[in-house]
Amino acid sequence: MSSIKIECVLRENCRCGESPVWEEAANSLLFVDIPAKKVCRWDSLSKSVQHMTVDAPISSVALRQGRGYVATIGTKFCALNWENQSAVALATVDKDKKNNRFNDGKVDPAGRYFAGTMAEETAPAVLERHQGSLYSLFPDGHVEKYFDQVDISNGLDWSLDHKIFYYIDSLSYSVDAFDYDLQTGKISNRRSVYKLEKEEQIPDGMCIDTEGKLWVACYNGGRVIRLDPETGKRLQTVKLPVDKTTSCCFGGKDYSEMYVTCARDGMDPESLLKQPEAGGIFKITGLGVKGIPPYPYAG
Ligand SMILES: O=C(O)[C@H](O)[C@@H](O)[C@H](O)[C@H](O)CO
Ligand SMILES: [Zn+2]
């Protein structure tokens, strides 16, 4: 048995930390603080962190082939230039929905940037329902819409053979799967592969490991869970010392470490005293499984 170690590596006090992405070339972890309109880059060697502030809630960040990053800001897919701290819009969605913003996003194995939207929350998980949609930004710059009626568009990833797309609409309390056509980027045949148990609370961000098992961060559940999407069984629970765990990714040497983001917004003063590391970045080692490198946006 490996021994699991959980450590807060950065006390960032994020209001809503999200979208952890390992940038191997820089030995760094990228992540965002959505309501703070901030994207951060934590250097795992020097332990220093750099920030870039944008003009609207920034809900996800991803690598971009060749240069810089891409991000979802407000209802825009954007290109980020870290050197001159600029964000340039590549496409806008949900133009008719003024109260919407993007939420979680991730790049598929063919370099398309997938991200979904939601209505802005008045408090965590309190929002006008069915306002969101799922989109992707293709490498040629055009946007495709997959479906609407989403409550809180969240975790997403692809199976190791690229034939399945996994997706979470948080308020369905379900992890869903679709057949995936990597050539065209089309999805079909939606089904549930796991329904969360009550104490697991709200499914949020998600990533896959090299055994094809899914890791889901449970918002309000203070844990990440490992799921077998083939049997629909939970294989493992790893609890963290903070309740509002939002997302997870693998990183570090050979992608053998897991990084977890979390939130402070929505916590009362008493819980904040009990969980002083809320809003920080956690590193989990000793899981005995590895992840895969993130795909870069190919446009
Ligand atoms: O992190 C996210 O994905 C959302 O933007 C958050 O607001 C929470 O997940 C949500 O409140 C819980 O469902
Ligand atoms: Zn999320």
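All of these numbers come straight from a predicted model, not from anything done at the bench. (Residues numbered from 1 in each chain as written. Chains lettered and ligands numbered in written order. Predicted model: local features only at pLDDT ≥ 70, side-chain atom pairs only at ≥ 80, totals over all residues. Heavy atoms only, no water.)

Engineer: Even after reading the chapter, I still don't get the site of ligand 1, so can you show me in this structure?
Structural biologist: In the vicinity of ligand 1 there are 13 residues, among which Glu18, Asn103, Glu121, Asn154 and Asp204 approach most closely. Taking Ala125, its main chain carries an N or O atom lying 3.2 Å from an oxygen atom of ligand 1. Take Asp204: an N or O atom from its side chain is 2.6 Å from an oxygen atom of ligand 1. In isolation ligand 1 offers 330 Å² of accessible surface; the protein chains occlude 98% of this area. (Near = heavy atom within 4 Å. Polar contact = N/O pair within 3.5 Å; in protein donor to acceptor, adjacent residues only side chain to side chain. Areas by Shrake-Rupley, 256 points an atom, 1.4 Å probe, with all protein chains shown as cover.)

Engineer: Just to check I follow, could you spell out the UniProt feature "binding site: substrate" (unreviewed entry) in the protein for this structure?
Structural biologist: Sites flagged by UniProt as "binding site: substrate" (unreviewed entry) map to Arg101, Asn103 and Glu121. Maximum C-alpha separation among the annotated residues is 11.2 Å over a sequence range of 21 residues, consistent with a single clustered spot. Inspection of the secondary structure puts Arg101 in strand β10 (residues 100–107). If we skip the residues at most four places from it in the chain, Arg101 touches Ile34, Pro57, Ser59, Gly74, Thr75, Gly116, Thr117, Met118, Glu120 and Glu121. Looking at Arg101, its side chain comes within polar contact range of the side chain of Asn103, at 3.0 Å. Tracing the chain through its elements places Asn103 in strand β10. Judged by its relative accessible area of 4%, Asn103 is buried. (UniProt positions renumbered as here; feature names shortened; annotations may be inferred. Helix = DSSP H or I, 4+ residues; strand = E, 2+ residues; numbered from the N terminus. Contact = heavy atoms within 4.5 Å. Buried < 20%, exposed > 50% of the residue type's maximum accessible area, 1.4 Å probe, protein only.)

Engineer: In this structure, what is going on with the sheet that holds strand β6 (residues 58–63)? I would like to understand it.
Structural biologist: Sheets are built from strands that pair by backbone hydrogen bonding, the pairs being arranged parallel or antiparallel. Pairing in this open sheet of 4 strands is antiparallel, and the strands run β6-β7-β8-β9 from one edge to the other. Two strands lie at the open edges of the sheet, namely β6 and β9 (86–92), each paired on one side alone. Here the strands of the sheet are splayed against their neighbours by 25° on average, with no regard to which way each runs. Two strands pair when backbone bridges link them, and strand β7 (residues 69–73) and strand β8 (residues 76–81) are joined in this way by 5 bridges, in the antiparallel orientation. The residue bridging Ala71 from the neighbouring strand is Cys78, located in β8. (Pairing = 2+ DSSP bridges. Axes fitted to C-alpha atoms, helices over the stretch in contact; angles between N-to-C directions.)

Engineer: Looking at this model, I keep getting lost on the pattern of salt bridges. Mind explaining?
Structural biologist: What the rule picks out here adds up to 20 salt bridges. Residue Glu200 pairs with Arg234 through a salt bridge whose shortest N-O separation is 2.5 Å. Placement of Glu200 in the loop between β17 (186–195) and β18 (202–208) and of Arg234 in strand β21 (residues 233–239) is noted, with a sequence separation of 34 residues between them. Its relative accessible area of 33% is what places Arg234 among the partly exposed residues. One salt bridge connects Asp209 with Arg226, and the closest N-O pair in it is separated by 2.8 Å. Separated by 17 residues along the polypeptide, Asp209 in the loop between β18 and β19 (214–219) and Arg226 in strand β20 (residues 223–228) bring together distant segments of the chain. With a relative accessible area of 0%, Asp209 lands in the buried category. Salt bridges sharing common partners tie together Arg101, Glu120 and Glu121. (Salt bridge = Lys/Arg side-chain N within 4 Å of Asp/Glu carboxyl O.)

Engineer: Would you explain the coordination of the zinc ion (ligand 2) in this entry?
Structural biologist: Taken together, the protein donors to the zinc ion (ligand 2) comprise Glu18 (OE), Asn154 (OD1) and Asp204 (OD), at separations of 1.9 to 2.0 Å. For the zinc ion (ligand 2), the 4 donor atoms are set out with angles of 86 to 163° between them, so the coordination reads as irregular. Positions of the donor residues of the zinc ion (ligand 2) along the chain correspond to the pattern E-x135-N-x49-D. In this pair, Asn154 is assigned in strand β14 (residues 153–158) and Asp204 in strand β18, connecting sequence segments 50 residues apart. Accessibility classification places Asn154 together with Asp204 in one group, the buried group. (Donors = N, O, S within 2.8 Å, 3.2 Å for Na, K, Ca; no water. Tetrahedral: all angles 85-135°; square planar, octahedral: opposite > 155°, others 65-115°.)

Engineer: I tried to follow the UniProt feature "domain: SMP-30/Gluconolactonase/LRE-like region" (unreviewed entry) in the protein on my own but got confused; where do I start?
Structural biologist: Mapped onto this numbering, the UniProt entry gives "domain: SMP-30/Gluconolactonase/LRE-like region" (unreviewed entry) at residues 16–263. Segment residues 16–263 splits into 0% helix and 59% strand. End C-alpha atoms: 4 Å apart.

Engineer: Help me out: how do you make sense of unusual backbone geometry in this one?
Structural biologist: Only a minority of non-glycine residues have a phi that is not negative, and only a minority of peptide bonds are not trans. A positive phi angle, close to 45°, is found at Asn27, a residue other than glycine. Inspection of the secondary structure puts Asn27 in the loop between β2 (17–23) and β3 (28–33). The backbone of Lys47 sits at a positive phi, close to 65°, despite the residue not being glycine. Inspection of the secondary structure assignment puts Lys47 in the loop between β4 (38–43) and β5 (49–53). We classify Lys47 as exposed; its relative accessible area is 51%.

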